Amino acid sequence: MVTAIFPGSFDPITNGHLDLIERALKMFDKVCVAVLVNASKNPLFSIEERMEMMRTCMTSPRVEVSSFRGLLVDFARDHDAKVLVRGLRAVSDFEYELQMAMMNRELSPELETVFLMPKTVYSYLSSRLVKEVARLGGDVSKLVPEIVVRELAGKYGKIS
Ligand code: ADP
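Note that the coordinates shown come from a computational prediction; the quantities given were computed from them, not determined experimentally. Along each chain, residues carry numbers from 1 onward, in the same order as the chain's sequence is written. Local features in a predicted model are, by the rule used here, given only for residues with pLDDT of at least 70; side-chain atom pairs are given and counted only at 80 or more, and totals for whole chains, interfaces and linings are based on all residues. Neither water nor hydrogens contribute to the side-chain values; these are computed over all heavy atoms in the structure.

Topic: the nonpolar core
Put simply, the rule is: As used here, the term nonpolar core means buried Ala, Val, Leu, Ile, Met, Phe, Trp, Tyr and Cys residues forming a set that is joined through side-chain atoms within 4.5 Å. With a 1.4 Å probe rolled over the protein chains alone, any residue whose accessible area is under 20% of its type maximum counts as buried; one over 50% counts as exposed, and the rest are partly exposed. Any two residues having at least one pair of non-hydrogen atoms within 4.5 Å are treated as being in contact.
With 36 residues, the main nonpolar core has Ile13, Ile21, Val33, Met54, Met58, Val65 and Val85 as its most contacted residues. Dropping the residues within four chain positions of it, Val85 is found in contact with Ala4, Ile5, Phe6, Pro7, Ala24, Phe28, Val114 and Leu116. Listed in part, the 12 residues of the second largest apolar core include Ile5, Cys32, Ala34 and Ala76.

So, in C-alpha cells, the structure goes:
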C-alpha cells in the first residue's frame, strides 16, 4: 500500500491539478491532497473554500483531502506517505521544485519526490493566471472545474 501526498495551495484547483491527481492514482494506492494553509500567500479562497472545491471534484475513494500547516515532511510522516508528488509544467518550475525536493530529502530521506507532467494543454495553466483572467472577466471554463467557475464568479461578481 503506497500513499502519495500532493501538496499545494490550490487557490483554486485547476484542470492541471486534476490531471496530476489522475496520473498519481494510476501509480499509487492512495493520494492524499494536502491543501496548504498559507495566510502569507494571501489566498483568494479560504482554506475551507479550497478544500470544499477540491472535495467536490474528487470522485475516487482513494483520494483524501486534508489541510496542512507546518513542515510537509511531518505531514507525510503522520499520513504514512512515502511519496511526494509535484508537477512540472515547464523549465521555469524546475529550479524551485528541485530546491524543495532536495530540502525535503535532507529533512526526510525516506520520502521520495516524484514529478509528473500534465497534458500539454495544461502546461501553461496556473491558479494565478486563472484568477487574473477571471478577475478581468475572461472565460476560464475550459481551464477549471465547473464549481471553480462559479466560485470565481462569486468572488469577482462576474459570470465567465
Ligand atoms: P504551490 O503554492 O505549492 O506551488 P499550487 O497549487 O500552485 O501550489 O501547485 C501545487 C502543485 O501543482 C505544484 O507541484 C505545481 O507545480 C502543480 N501544478 C500547478 N498547476 C499545474 C498544472 N497546470 N499542471 C500540472 N501541475 C500543476
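After that view of the structure, there is still more to cover.
Re the sheet that holds strand β2 (residues 30-36)
The line we're drawing: DSSP calls a pair of strands paired once it identifies at least 2 bridges connecting them. Each helix is a run of DSSP H or I of at least 4 residues and each strand a run of E of at least 2, with the numbering of both proceeding from the N terminus. Every angle, taken between N-to-C directions, lies between 0 and 180 degrees, and every axis is a line fitted to C-alpha atoms, over only the stretch in contact when it is a helix.
Taken in spatial order, the 5 strands of this open sheet run β3-β2-β1-β4-β5, and their pairing is parallel. Looking at strand neighbours, the two that pair on one side only are β3 (63-68) and β5 (112-116), the edges of this open sheet. Along the sheet, successive strands turn relative to each other by an average axial angle of 30 degrees, direction set aside. Here β2 runs beside β3; their pairing, made up of 6 bridges, is parallel. In the sheet register, Leu36 faces β3, and the bridge partner there is Phe68. Strands in contact with helix α1 (residues 15-27) are β1 (3-8), β2, β3, β4 (83-87) and β5; relative to β5, the strand with the most contacts, it is inclined by about 125 degrees.

Remarks on the packing of aromatic side chains
Quick reminder of the rule: Two aromatic rings, drawn from Phe, Tyr or Trp (for Trp, its six-membered ring), form a pair once their centres lie within 6.5 Å of each other, and the interplanar angle then sorts them: stacked below 30 degrees, edge-to-face above 60, tilted otherwise.
Per the counting criterion, the structure on display carries 2 aromatic pairs. Each ring, one from Phe6 and one from Phe10, has its centre 5.2 Å from the other, and the planes form 65 degrees; the classification is edge-to-face. Across this residue pair, the class does not change: Phe6 and Phe10 are buried. Between Phe68 and Phe75, the aromatic rings sit 5.3 Å apart at their centres with planes inclined by 50 degrees, giving tilted as the arrangement.

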